[in-house]
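# An overview of the molecular structure
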Amino acid sequence: MNDLMQPEDPNSRCGFVAIVGRPNVGKSTLLNHILGQKLSITSRKPQTTRHQVLGIKTEGPVQAIYVDTPGMHEDEPRALNRAMNKAASSALIDVDVVVFMVDQLNWTSADEMVLEKLKRLTCPVILAVNKVDRLEKRELLLPHLDMLSKKREFAEIIPLSALKETNLEPLEQAVGRFLPQSVHFYPDDQVTDRSERFMAAEMVREKITRQLGAELPYSVAVEIEEFKRQGNTLHISALILVEREGQKKILIGDKGERMRRIGQEARADMERLFDSKVMLRLWVKVKRGWADSDRALKSLGMNDF
Ligand SMILES: Nc1nc2c(ncn2[C@@H]2O[C@H](COP(=O)(O)OP(=O)(O)OP(=O)(O)O)[C@@H](O)[C@H]2O)c(=O)[nH]1
Ligand SMILES: [Mg+2]
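Residues numbered from 1 in each chain as written. Chains lettered and ligands numbered in written order. Predicted model: local features only at pLDDT ≥ 70, side-chain atom pairs only at ≥ 80, totals over all residues. Heavy atoms only, no water.

### Looking at the pairing of strand S4 (residues 97-103)
- Taking burial as the measure, the seven residues of S4 include seven buried ones, the bulk of the element.
- Judged by which residues are buried, S4 turns out to be covered on both faces: Val97, Val99, Met101 and Asp103 on one side and Val98, Phe100 and Val102 on the other are all buried.
- Pairing analysis gives four bridges linking strand S1 (residues 13-20) to S4, with the strands arranged parallel. Across the sheet, residue Val17 finds its bridge partner in S4, namely Val97.
- With six bridges joining them, S4 and strand S5 (residues 125-130) adopt parallel strand pairing. Within the sheet, the bridge partner assigned to Val99 lies in S5 and is Ile126.
- In this fold, S4 hands off to helix H3 (residues 109-118), which returns the chain to S5; that crossover is right-handed. (Buried < 20%, exposed > 50% of the residue type's maximum accessible area, 1.4 Å probe, protein only. Helix = DSSP H or I, 4+ residues; strand = E, 2+ residues; numbered from the N terminus. Pairing = 2+ DSSP bridges. Right-handed = clockwise from strand over helix to strand, strands pointing away.)

### As for the nonpolar core
- Leu30, Val204, Ile208, Ile236, Leu251 and Met270 are the most contacted members of the largest nonpolar core, which has 51 residues in total.
- Of the residues that make up this core, three or more belong to each of domain 1 (3-178) and domain 2 (196-299).
- Not counting residues within four places of it along the chain, the set of residues in contact with Val204 comprises Val222, Ala238, Ile240, Ile262, Ala266, Met270 and Leu282.
- Listed in part, the 23 residues of the second largest apolar core include Phe100, Met113, Val125 and Leu127. (Core = buried A, V, L, I, M, F, W, Y, C linked by side-chain atoms within 4.5 Å. Domains from an automatic or database assignment. Contact = heavy atoms within 4.5 Å.)

### Comments concerning the packing of aromatic side chains
- The final tally for this structure, using the stated rule, is four aromatic pairs.
- For the ring pair Phe100 and Phe154, a centre distance of 6.4 Å and an interplane angle of 35° mean the geometry is tilted. With Phe100 in strand S4 and Phe154 in the loop between helix H4 (141-149) and strand S6 (156-159), this pair connects stretches of sequence that are 54 residues apart.
- For Phe100, a relative accessible area of 0% corresponds to the buried category.
- Using a relative accessible area of 12% as the deciding quantity, one classes Phe154 as buried.
- Taken together, the aromatic side chains of Phe100, Trp107 and Phe154 make up a single cluster linked through ring pairs.
- The lysine or arginine in question, Arg194, covers the ring of Phe198, its NZ or CZ lying 4.0 Å from the ring centre. (Phe/Tyr/Trp six-rings, centres within 6.5 Å; stacked < 30°, edge-to-face > 60°. Lys NZ or Arg CZ within 6 Å of the ring centre and 35° of its normal.)

### Some words on the environment of Leu39
- With respect to the element layout, Leu39 can be found in the loop between helix H1 (27-35) and strand S2 (53-59).
- By relative accessible area, which is 3% here, Leu39 ends up buried.
- When the C-alpha atoms of Leu39 and Arg194 are compared, they prove to be 9.3 Å apart, with 155 residues separating the residues in sequence.
- Ignoring any residue separated from it by four or fewer positions in sequence, one finds Leu39 in contact with Asn32, Val53, Leu54, Gly55, Val191, Thr192 and Met199.

### Here's the deal with the sheet that holds S5
- Pairing in this open sheet of six strands is mixed, and the strands run S2-S3-S1-S4-S5-S6 from one edge to the other. On the outer flanks of this sheet lie S2 and S6, each paired with one strand and no other. Pairs of neighbouring strands in the sheet enclose a mean axial angle of 20°, with direction left out of account.
- On the sheet, H3 packs against S1, S4 and S5 and is oriented at approximately 170° with respect to S4.
- Most of the contacts of helix H5 (residues 168-178) go to S6, to which it runs at about 160°, and overall it touches S1, S2, strand S3 (62-68), S4, S5 and S6. (Axes fitted to C-alpha atoms, helices over the stretch in contact; angles between N-to-C directions.)

### Remarks on the site of ligand 1
- Near ligand 1 lie 22 residues; those nearest to it are Lys27, Thr29, Gln47, Thr48 and Asp133.
- Between Asn130 and ligand 1, the recorded distance is 3.1 Å, taken from a side-chain N or O atom to an oxygen atom.
- One nitrogen or oxygen atom from the side chain of Ser161 is found 3.0 Å from an oxygen atom belonging to ligand 1.
- Considered on its own, ligand 1 offers 650 Å² of accessible surface; in the complex 93% of this is hidden by protein.
- Class assignment of the residues belonging to the shell around ligand 1 gives a composition of five nonpolar, twelve polar and five charged. (Near = heavy atom within 4 Å. Polar contact = N/O pair within 3.5 Å; in protein donor to acceptor, adjacent residues only side chain to side chain. Areas by Shrake-Rupley, 256 points an atom, 1.4 Å probe, with all protein chains shown as cover. Nonpolar A, V, L, I, M, F, W, Y, C, P; charged D, E, K, R; others polar.)

### Some details on the pairing of S2
- For S2, a buried count of six out of seven residues is recorded, marking the element as mostly surrounded by other parts of the structure.
- Where S2 lies against S3, seven bridges are found, and the strand directions are antiparallel. Counterpart to Lys57 in the pairing with S3 is Ala64.
- Between S2 and S3, which pair antiparallel and follow one another directly, the connecting turn spans two residues, one of which, Gly60, has a positive phi of 60°.

### Considerations on the packing of H1 against H5
- Put simply, H1 and H5 touch, their axes get as near as 11 Å, and they point 90° apart. Relative to H5, H1 is oriented roughly perpendicular. Where H1 approaches H5, its residues Leu30, His33 and Ile34 are matched on the opposing element by Leu168, Leu171 and Glu172.
- Within the contact of H1 with H5, the residues separate by chemical class into four nonpolar, one polar and one charged. (Parallel < 35°, antiparallel > 145°, perpendicular 65-115°, else oblique.)

Encoded structure:
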């Protein structure tokens with residue numbers, strides 16, 4: 001171990017924990033409930049998380065730095081999906097613990113693919129079997145866990161419910177046990193590495209994803225054009241980019257009704273997060289084919305992994 005990382009307090013621990021799994025299993029929900037606040041956006045729609053978000057939790061001598069990742073899925077050609085897969089895989093480099101999340105009894109080929117990606121890892125892998133609150137036949141759980149335990153050497157297997165906060169404590173304790181002895185990398189009260197601008201854009205994107213569900217494909221991006229404090233009010237302008245004129249219409253809704261609702265909900269979240277009054281302005285613009293173009297992704301900051 002590097003001497004600089006050697007803490008004065010021998011109980012001091014710190015390290016990176018990647019939460020991985022196929023889309024929609026509940027990775028971001030887990031992170032938010034571990035941290036006790038909304039950091040990572042969630043929805044019923046798969047592939048909600050696009051960016052890597054760090055969530056930092058310090059409890060006494062232990063600092064766990066969680067990395068929420070976009071759901072890994074079978075390779076697809078579109079640039080956005082490629083970038084998302086890359087982000088998820090790069091989260092695995094240099095982590096101390098991996099939490100591999102699956103959806104209760106629903107083991108699929110996408111889980112198999114994630115397992116394959118974990119093969120080369122030497123760090124402990126904790127299997128988190130999520131959404132057990134949804135189990136209809138409890139007696140099927142044990143045999144299923146037994147089947148999962150044969151898939152690879154897991155450090156622990158923990159059935160839990162991220163949403164109902166069942167069994168999160170044992171998970172956090174297991175994570176803590178596997179973190180290396182080290183000084184803390186972040187101040188003990190810091191919760192994320194992301195900027196307020198980034199968080200604001202994500203709040204807007206979450207409301208759009210939730211409002212539109214399947215109506216709008218994965219072709220919305222949000223850019224923050226203004227983020228300015230005046231007195232005790234934050235002035236935020238966000239530009240929403242869509243691929244087609246029709247999508248713009250759907251997003252705006254009848255007489256602007258939908259856009260108004262998106263704005264109201266996003267503003268309420270921002271006021272809670274930033275603990276400040278927020279004036280939010282939203283604009284929608286059509287930018288053709290951005291999800292297919294690597295250059296457009298770069299201009300949206302999607303190249304930083
Ligand atoms: N019943 C139940 N639902 C859950 C639980 N955890 C997550 N969900 C729901 O599952 C859906 C997906 O959750 P997310 O946290 O967005 O999933 P994700 O793995 O981050 O998805 P991607 O970012 O798309 O990879 C949401 O509707 C959550 O409310 C749970 O423990 N129980
Ligand atoms: Mg997510």
